[in-house]
Amino acid sequence: MVTGENRNRQCLQEPFVRSLSSYHFHGSSSPFDRRITCLEWHPTHPTTLAAATKGGDILMLNYTNPTKESFFQGNGAGDSIGGMKFCPTDFSKVYLASGEGTLTLKSFEGHPSTLLSRTGDCDHDYHNVCFRFRDLGNHQVSWVLFGSCRSQQRVPAGQCQLTGQTVTEHLEGEPAAVRTLLRRLKGCLGVFQAEAHHTGWIFSDKLHRAKVTHAEFNPRYDWLLATASVDHTVKLWDLRNLKDKKSFLYELPHEKAVNSAYFNPSDCSKLLTTDQNDQIRVYASCDWTKPQQIIQHPHRQFQHLTPIKATWHPIYDLIVAGRYPDDRICTGDEKTIDIFDSNSGELVFQLYDPVASGIKSVNKFSPRGDVIGSGMGVTLLLWDHDESLLGDGQKPQEEMPTSSGLSRGQRRSQQRSSRDRKGSAADAKLKKKLASLEETETKTKTGCTKQKPAQTKRKK
DNA sequence: AATTCATGCTGCC
DNA sequence: TGGCAGCCCTGAAT
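None of these values were measured; they are calculated from a predicted model.

K.L.:
Please clarify how the packing of aromatic side chains should be interpreted in this entry.
P.N.:
The description of two aromatic rings rests on the distance between their centres and on the angle between their planes. Applying the stated criterion to the full structure yields seven aromatic pairs. Between tryptophan 237 and phenylalanine 248 the ring centres are 5.7 Å apart and the planes differ by 90°, which places this aromatic pair in the edge-to-face class. Of the two residues, tryptophan 237 is situated in strand 17 (residues 233-238) and phenylalanine 248 in the loop between strand 17 and strand 18 (250-253); the sequence distance between them amounts to 11 residues. Three or more aromatic residues joined by ring pairs make a cluster, and in this case those are Phe16, Tyr23, Tyr316 and Phe365. Above the ring of phenylalanine 72, the side-chain terminus of lysine 106 is found at 4.5 Å from the ring centroid. One cation-aromatic arrangement involves arginine 300 over tyrosine 324; the distance from NZ or CZ to the ring centre is 4.0 Å.

K.L.:
Just checking my understanding: could you explain the sheet that holds strand 19 (residues 258-263) for this structure?
P.N.:
Spatial strand order, 19-20-21-22: four strands in an open sheet with antiparallel pairing. Whereas interior strands pair on both sides, the edge strands pair on one side only; in this sheet they are strand 19 and strand 22 (293-296). Taken over all neighbouring pairs, the strand axes of this sheet differ in orientation by 15° on average, direction set aside.

K.L.:
Quick question: what am I supposed to make of the pattern of salt bridges here?
P.N.:
Two side chains with opposite charge may pair up if their charged atoms get near one another. Per the counting criterion, the structure on display carries seven salt bridges. We note a salt bridge from arginine 300 to aspartate 326, for which the minimum N-O separation is 3.3 Å. Of the two residues, arginine 300 is situated in the loop between strand 22 and strand 23 (311-312) and aspartate 326 in the loop between strand 24 (318-322) and strand 25 (337-341); the sequence distance between them amounts to 26 residues. By relative accessible area, which is 4% here, aspartate 326 ends up buried. One salt bridge in this structure joins aspartate 338 and arginine 323, with 2.6 Å as the shortest N-O distance. Of this pair, aspartate 338 sits in strand 25 while arginine 323 sits in the loop between strand 24 and strand 25, and the two are 15 residues apart along the sequence. Taken together, the shared-partner salt bridges connect Arg300, Asp326 and Arg328 into one network.

K.L.:
I tried to follow the sheet that holds strand 25 on my own but got confused; where do I start?
P.N.:
As a general point, the strands of a sheet are linked pairwise by backbone hydrogen bonds and lie either parallel or antiparallel. Ordered in space as 23-24-25-26, the four strands form an open sheet in which the pairing is antiparallel. Pairing within the sheet leaves two strands with one partner each, and these edge strands are strand 23 and strand 26 (347-351). With two bridges joining them, strand 23 and strand 24 adopt antiparallel strand pairing. Of the residues in strand 24, the one forming a bridge with tryptophan 312 is isoleucine 319.

K.L.:
What is the right way to read the nonpolar core from this model?
P.N.:
Where a protein is soluble and globular, its nonpolar side chains tend to be buried together. If you look at the biggest cluster of nonpolar residues, it comprises 20 residues, and the most contacted ones within it are Phe16, Leu318, Ile339, Leu351, Ile372 and Trp383. Those elements giving two or more residues to this core turn out to be helix 1 (4-19), strand 24, strand 25, strand 26, strand 28 (372-376) and strand 29 (379-384). Sort the elements by how many residues they give to this core and strand 26 lands first, with three residues. Core analysis: the next-biggest nonpolar cluster, separate from the first, contains 14 residues, Ile36, Leu49, Leu59 and Val362 among them.

K.L.:
Is there a simple way to think about the pairing of strand 28 in this case?
P.N.:
For a regular strand, the rule is simple: side chains alternate between the two faces of the sheet. Along strand 28, five of the five residues are buried, which leaves the element largely enclosed by surrounding structure. Because side chains alternate across strand 28, one face comprises the buried residues Ile372, Ser374 and Met376, and the other comprises Gly373 and Gly375, equally buried. In this structure, strand 27 (residues 362-365) lies alongside strand 28, joined through four bridges in antiparallel fashion. Looking at strand 28, one finds that phenylalanine 365 is bridged to isoleucine 372. Alignment of strand 28 against strand 29, held across five bridges, turns out to be antiparallel.

K.L.:
I would appreciate a short explanation of the pairing of strand 24 in the present structure.
P.N.:
By the criterion of burial, strand 24 is predominantly enclosed, with five of the five residues buried. Along strand 24, one buried face is formed by Leu318, Val320 and Gly322 and the opposite face, lined by Ile319 and Ala321, is buried too. Between strand 23 and the antiparallel strand that follows it, strand 24, lie five residues. The pairing of strand 24 with strand 25 spans five bridges and is classified as antiparallel. From the neighbouring strand, leucine 318 faces strand 25, where its bridge partner is aspartate 341.

K.L.:
Where do I start with the confidence of the model for chain A in this structure?
P.N.:
A low pLDDT means the predicted coordinates there should not be read in detail. Of all residues in chain A, 62% have pLDDT values of 70 or greater, and the mean over the chain is 70. Predicted confidence is poor over residues 121-125, with pLDDT under 50, and the contacts of this stretch with residues over four places away or in other chains come to nine contacts. Contacts from residues 170-204, a stretch scored under 50 in pLDDT, to residues over four places away or in other chains number 68 contacts.

K.L.:
What should I look at first to understand unusual backbone geometry in this one?
P.N.:
Most peptide bonds take the trans form, and the phi angle of most residues other than glycine is negative. Look at histidine 232: it is not a glycine, yet its phi comes out positive at around 75°. Checked against the element boundaries, histidine 232 lands in the loop between strand 16 (224-229) and strand 17. The exposure class assigned to histidine 232 is partly exposed, which follows from its relative accessible area of 33%. In this structure, cysteine 268 is a non-glycine residue whose phi angle is positive, near 60°. Tracing the backbone shows cysteine 268 in the loop between strand 19 and strand 20 (270-275).

The rules behind each value
Residues numbered from 1 in each chain as written. Chains lettered and ligands numbered in written order. Predicted model: local features only at pLDDT ≥ 70, side-chain atom pairs only at ≥ 80, totals over all residues. Heavy atoms only, no water. Phe/Tyr/Trp six-rings, centres within 6.5 Å; stacked < 30°, edge-to-face > 60°. Helix = DSSP H or I, 4+ residues; strand = E, 2+ residues; numbered from the N terminus. Lys NZ or Arg CZ within 6 Å of the ring centre and 35° of its normal. Pairing = 2+ DSSP bridges. Axes fitted to C-alpha atoms, helices over the stretch in contact; angles between N-to-C directions. Salt bridge = Lys/Arg side-chain N within 4 Å of Asp/Glu carboxyl O. Buried < 20%, exposed > 50% of the residue type's maximum accessible area, 1.4 Å probe, protein only. Core = buried A, V, L, I, M, F, W, Y, C linked by side-chain atoms within 4.5 Å. pLDDT = per-residue confidence, 0-100. Contact = heavy atoms within 4.5 Å.

This is how it looks when you write it as structure tokens:
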């Protein structure tokens, strides 16, 4: 099982983990008026990333080049972005799944957006939609969207009703693969719809007993689909044999609702799940029936926090997750970004900077694995070590204010007039933050406890 | 310093 | 199975 390639990776992982101690807060940007829900790194450009929010705002940012920044304002309440992916055939575009029940292809270069799918009329206000991409080869891509409709009544609450839809995009030519898939799916999924540029199916059956929070294809075996749900389970499905809600391959029961289930990018044989309380689990394909690792990690659910999802490092067997301190689990914690070794389950490093003191719900390593992008409330953060980003390595934190600052003023006033939110205080605050960063920067390194329960740290 | 707002999950009827 | 009260208890603006 341990291939040469694996061994190599493991040898390199150790120096990488050591290098984490030189990581620190690089900068922040907060042009948003609602919490960040999604963060995606550009597939090839190492300093470009996109972030999306609960209000449908989208930001594409190249933090080394402030002029290369695009911001798009969403529709506000309800336009929550549940999933975002760069278009695999054109990196200047992203796919967006919105709580309004739409799937759109959005261009960052001024081209008009394409509406690919809209969930049917169902007397519900919101759809919490998430989606995942699947590559069918031959220029064919397929998306699976899942959503829970929220009934109208009062704004909060509501029973969740799951809908699912597969959208296959006809990118080019006459797609034999699409027809095959169509034949496969048509028989087992309820309503069939066909439109000009896509084909969609609505599942007639619920796949879970409650909201589906996350769905993901295995990058290697594209028929393998993982779904996570608030019904306390993760389910693995074979898309080729999807008949009804009982036709899952495996059901992975959890103690609490589950926020996410990610396959590991290095060999796609493991599944990383994050529940809504204190467990991060690692499952391995050799035995899906029980977790290989249960890591205790406080990240409980709270209504006004973006759900915390642990994610993989692109190369090494490492996991990143934001900590939401919980005295019932461990006292004296800071709101750190934690990095675990997925094989041993050990906490190998914690990132923390008092300048960015909130809970970092969303954390993702860049494709090269040398930068971490974080979503802390409405603020986008970056963590790295000096050398990787800026030639002089002198005052890297100055880079971010410029990069986001240029258009932020205009943008904010736009937002304010349209929605009357997000006052200028944010700007001042950010400036204050960044000013104070200069003093605190040296403290950063020592501010991170390297050992497990971080007991030594005083609370507040 | 105190208040308001945004709006998810669970258990019970 | 659907509706709703009660609870989880942050972060930013006012």
